[in-house]
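A closer look at the structure
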Amino acid sequence: MSVSDQNALDRREWMKVSAAGVAATAVAGSASAQDKADEVQKVSDPVPTRPLGRSGIPVSMLNLGTWRNPGLDRLLRFSYANGVRYLDTAKSYGSEPAIGRWLKDNPDARKNIFLVTKDHPNTPDQLIKQLDERLAALQTDYVDLFFIHGIGDSYGKDYKSLDWPKSKEWKDAFEKIKKSGKAKLVGFSCHDQKRTEFLESAAQGGFVDAIMVQYSPWLDKDAPLNRALDACHKAGIGLISMKQVAGTGDNILNDVPKHVPYLKEKKLSAYQGLLHAIWSDERISSVCVSMRNTDQIRENTAAIKSYEPMKLTDIHQLRDAVLACGKTLCADCTGQCATAGGTKAKLGDLTRLLTYHEDFGYRSEAKRMFREMDAESRDWADADLAAAEAACPNKLKFSSLLPRVNQCLS
Ligand code: SF4
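Only a predicted model underlies this, so the values are computations on that prediction, with no experimental measurement involved. (Residues numbered from 1 in each chain as written. Predicted model: local features only at pLDDT ≥ 70, side-chain atom pairs only at ≥ 80, totals over all residues. Heavy atoms only, no water.)

1. What about helix α9 (residues 195–205)?
- Where α9 is concerned, the buried positions are Arg195, Thr196, Phe198, Leu199, Ser201, Ala202 and Ala203.
- Backbone geometry just downstream of α9 places glycine 206 in the positive-phi region, at approximately 80°. (Buried < 20%, exposed > 50% of the residue type's maximum accessible area, 1.4 Å probe, protein only. Helix = DSSP H or I, 4+ residues; strand = E, 2+ residues; numbered from the N terminus.)

Right under this line is the structure:
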């Protein structure tokens, strides 16, 4: 099993918003006077929506990812008050009970919320059974969208066949669920190295309603993933972006705006600019962001309210400035770094764990996941790091990152 397929840590989405936001995360639980005032604020209008694929269901263009958010009750209230009407959870996030309680206490909110959860079935029958368990955890009769969580090679042989999104038995299970009314839509989330192939297969199969996928706002026009997104969009599959950026450290806040006139002109932070860049791709209906404090919610909802489509030249300036910050998060592409570097080590997985450790502060999780990797996947001693760096579209600096991996995680 690759690191990228393990349960908890990679199943969440992430976008840091500001240094102030990070600091606020660290002191979650001691709500400031400002936070208390914010909680009793008037509920604002919903944030703008986009239709989710062929379902046509309008969904908030910004959604609240709830993976291990500290002080979730407060974040649910605050995000709702700021117009977010889409909540993303999963069995492994640990957030379903809090969401269930909040929705039970706020029946009017339930009617307005697009609620998404996920689980890890190995068979179509399990998918149906697991949905009942998720509904019980959420104390609700239905969810709006039910995902197979993080599809990839950890799912065993059935999923190694990329044909499952075209199979009759899975199609029947999806239809049975929708007919039952327990989920309006069914799909999968994916950040696997084979996500392009999974997307292509789903576009051909025609029964997957929505896909949440690791996405970058500066995909090359001819990149296979970009073409697969086109195929899904054409087939009416709703697309949700996740895991869009991380691992840039605080440089991004200081350095990026200096090099991107669009940000200065619009008075946006680098992360608000990234959201604008993602929303500029109209195939993407919503962006999942793990907002972990009220500052982040405030900043991201402000971004959506000031959104207007970015020109390609502005997006490219943003890309160049972000990459120049020394990004450390592997975008989990096809793994060409390892091939070019002539190694069996999973270079992308190793750098991702470093991001979890250094940027996200999930130290014990990162160490645990590192320990669980097999020896060959961790051993990069034989790798040609210069060749690996040259092959990586995110220009990860393996020569400085990998020694830090060993230092911090072993
Ligand atoms: S080439 Fe870069 S983005 Fe692709 S798997 Fe390797 S580290 Fe990740």
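2. Quick word on the packing of helix α4 (residues 96–105) against helix α6 (residues 124–138)
- With their axes 7 Å apart at the nearest point, α4 and α6 run at an angle of 60° to one another. Here α4 lies oblique to α6, going by the angle between them. On α6, the residues that touch Glu96, Pro97, Ile99 and Gly100 of α4 are Arg134, Ala137 and Leu138. (Axes fitted to C-alpha atoms, helices over the stretch in contact; angles between N-to-C directions. Parallel < 35°, antiparallel > 145°, perpendicular 65-115°, else oblique. Contact = heavy atoms within 4.5 Å.)

3. Concerning unusual backbone geometry
- For glutamine 139, which is not glycine, the phi torsion reads 50° and is therefore positive.
- Within the secondary structure, glutamine 139 is located in the loop between α6 and β6 (143–148).
- The class for glutamine 139 is partly exposed, based on a relative accessible area of 40%.
- The backbone of lysine 267 sits at a positive phi, close to 60°, despite the residue not being glycine.
- Mapped onto the elements of the fold, lysine 267 is located in the loop between α12 (261–266) and α13 (270–279).
- Since its relative accessible area comes to 74%, lysine 267 is described here as exposed.

4. Considering the packing of aromatic side chains
- One pass over the full model with this rule turns up 7 aromatic pairs.
- Their ring planes at 65° and their centres at 6.4 Å tell us that phenylalanine 188 and phenylalanine 198 sit as a pair that is edge-to-face. Here phenylalanine 188, found in strand β7 (residues 183–190), pairs with phenylalanine 198, found in helix α9; they are 10 residues apart in sequence, far enough to count as distant.
- Phenylalanine 188 gets classed as buried once you look at its relative accessible area, which sits at 0%.
- An aromatic cluster of at least three residues, connected via ring pairs, comprises Trp164, Trp170, Phe188 and Phe198.
- Looking at arginine 110, its charged tip hangs above the ring of tyrosine 142, at a distance of 4.0 Å from the centre. (Phe/Tyr/Trp six-rings, centres within 6.5 Å; stacked < 30°, edge-to-face > 60°. Lys NZ or Arg CZ within 6 Å of the ring centre and 35° of its normal.)

5. Side note on the environment of glutamate 299
- Take glutamate 299: it is sitting in helix α14 (residues 294–305).
- Judged by relative accessible area, glutamate 299 falls into the buried class, the value being 18%.
- Residues glutamate 299 and leucine 268 lie 31 residues apart in sequence; the distance between their C-alpha atoms is 9.3 Å.
- At 2.8 Å, the side chain of glutamate 299 forms a polar contact with the side chain of serine 269. (Polar contact = N/O pair within 3.5 Å; in protein donor to acceptor, adjacent residues only side chain to side chain.)

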